[in-house]
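Now for the letters of each chain:
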Amino acid sequence: MPKKIVSVINQKGGVGKTTTVVNLATSLAAIGQKTLIIDLDPQGNASTGVGIPQNKRSSTIYNVFSKNVEIKDAIHHSGISNLDIIPSAVELAAAEVELSGQRNLLKEILKNIHNDYDIILIDCPPSLGMLTINALYASNSILIPVQCEFFALEGLSHLIKTYETVIQNIDGNQDLEIEGVLLTMYDKRNNLTEEVEIEVRKVFGEAVYKTVIPRNIRISEAPSYGLPVMMYDIACPGSIAYINLAKEFVQRNGIVI
Ligand SMILES: Nc1ncnc2c1ncn2[C@@H]1O[C@H](COP(=O)(O)OP(=O)(O)OP(=O)(O)O)[C@@H](O)[C@H]1O
Ligand SMILES: [Mg+2]
């Protein structure tokens, strides 16, 4: 079974990165993939989203970076079968500075647990600092959520330029691929959604997932219960979409389930 490390990334804030990490990871776990989330955002929303609030984080990725804790000891079980997480901490914001010059630290650290998981998803912060650079160096591919709204079109060319530069500059990781581009907060009743979809599919072609994630209130309610959406309301459109995304993800990667 192919091992895959995927960074979920977009320097624009609030586009659905964390929501996608939590719910894609849960769906992949549900179809039997041993999955690990690494919460690399000091905001810690992915950790909270799988039921690990701040007071339950005995050790974090920050402690691992600081070399106080072995990576295996920072792994928390999410309560969902097949799904583990290494949580974030607010102190992680300091790592942006402390990691200065250390682009390969996460990659080196992950070698110790690489074989324990089928898929590792990294939730990146909305910036292109050292945390994100570490995520990119450690990854095989990037998954880019794009929110279906006006500024998506404006931000798109910027996004492409940035990633082309980043990908070209990652020496020793020329294989970093685009895993997929995901349309999020999709609203059929909004004309703009269609415009964004046409544009994004024109620019990214086959890389864009057929599955789109609808704007769905259940998706935004679930994190306040510390639950992925499919544990909160399995039948809602958001749950169905993320389950379909997981199926498309494994199909693209030739993973037999
Ligand atoms: N499909 C959706 N339908 C409705 N609400 C959504 C959907 N996807 C995300 N949201 C909500 O939009 C907000 C932003 O989503 P999310 O936190 O996943 O974005 P992000 O890209 O990780 O943000 P940041 O850049 O701050 O890390 C959250 O409140 C989330 O619950
Ligand atoms: Mg986020």
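The name given to the chain in an unreviewed UniProt entry is Chromosome partitioning protein ParA, and the organism recorded there is Candidatus Deianiraea vastatrix.

(A) Local environment of the site of ligand 1. The immediate surroundings of ligand 1 are formed by 17 residues, with Lys17, Thr18, Thr19, Pro214 and Asn216 found nearest. Within the contact set of ligand 1, an oxygen atom lies 3.0 Å away from a backbone nitrogen or oxygen of Gly16. Taking Asp41, its side chain carries an N or O atom lying 3.4 Å from an oxygen atom of ligand 1. Coverage of ligand 1 by the protein chains reaches 80% of its 630 Å² of free accessible surface. The set of elements that each furnish at least two residues to the shell around ligand 1 consists of helix 1 (17–30) and helix 9 (217–221). Per-element accounting of the shell around ligand 1 gives the leading share, three residues, to helix 1. In terms of residue class, the shell around ligand 1 is made up of six nonpolar, eight polar and three charged.

(B) Structural view of the pairing of strand 1 (residues 4–8). With respect to burial, strand 1 is a largely interior element, five of its five residues being buried. Of the two faces of strand 1, both are covered, the one formed by Lys4, Val6 and Val8 as well as the one formed by Ile5 and Ser7. Examined bridge by bridge, strand 1 and strand 5 (residues 119–123) share five bridges and lie parallel to one another. Counted as the bridge partner of Lys4 is Ile119 from strand 5. For strand 1 and strand 6 (residues 141–147), the ladder comprises three bridges, and the chain directions are parallel. By the bridge assignment for strand 6, Val8 is matched with Leu143.

(C) Layout of the environment of Ala93. Tracing the sequence through the fold places Ala93 in helix 4 (residues 92–98). A residue is classified by how much of its surface remains accessible, and Ala93, at 42% relative accessible area, is partly exposed. Spatially, the C-alpha atoms of Ala93 and Ile31 are 34 Å apart, while their sequence positions differ by 62 residues.

(D) Quick peek at the sheet that holds strand 4 (residues 83–86). An order of 3-4-2-5-1-6-7 is seen for the seven strands of this open sheet, with the pairing classed as mixed. The open sheet has two edge strands, strand 3 (76–77) and strand 7 (177–184), and neither has a second partner. Of the strands in this sheet, strand 6 and strand 7 touch helix 8 (residues 191–204), which is tilted by about 170° from strand 7. Its contacts with the sheet put helix 11 (residues 237–252) on strand 1, strand 5 and strand 7, and the angle it makes with strand 7 is roughly 160°.

(E) Broad picture of unusual backbone geometry. A positive phi angle is found at Lys67, which is not glycine, with a value near 65°. With respect to the helices, strands and loops of the structure, Lys67 is situated in the loop between helix 3 (61–65) and strand 3. Unusually for a residue other than glycine, Met185 sits at a positive phi of about 50°.

(F) The packing of helix 1 against helix 11, seen in detail. Their axes nearest at 8 Å, the elements helix 1 and helix 11 cross at an angle of 70°. In this view, helix 1 runs roughly perpendicular relative to helix 11, as classed from their interaxial angle. The segment helix 1 lies against helix 11, with Thr19, Thr20, Asn23, Leu24, Ser27 and Leu28 engaging Tyr242, Ile243, Leu245, Ala246, Phe249 and Val250. Taken together, the residues of the contact of helix 1 with helix 11 break down into eight nonpolar, four polar and no charged.

Calculation rules
Residues numbered from 1 in each chain as written. Chains lettered and ligands numbered in written order. Predicted model: local features only at pLDDT ≥ 70, side-chain atom pairs only at ≥ 80, totals over all residues. Heavy atoms only, no water. Near = heavy atom within 4 Å. Polar contact = N/O pair within 3.5 Å; in protein donor to acceptor, adjacent residues only side chain to side chain. Areas by Shrake-Rupley, 256 points an atom, 1.4 Å probe, with all protein chains shown as cover. Helix = DSSP H or I, 4+ residues; strand = E, 2+ residues; numbered from the N terminus. Nonpolar A, V, L, I, M, F, W, Y, C, P; charged D, E, K, R; others polar. Buried < 20%, exposed > 50% of the residue type's maximum accessible area, 1.4 Å probe, protein only. Pairing = 2+ DSSP bridges. Contact = heavy atoms within 4.5 Å. Axes fitted to C-alpha atoms, helices over the stretch in contact; angles between N-to-C directions. Parallel < 35°, antiparallel > 145°, perpendicular 65-115°, else oblique.

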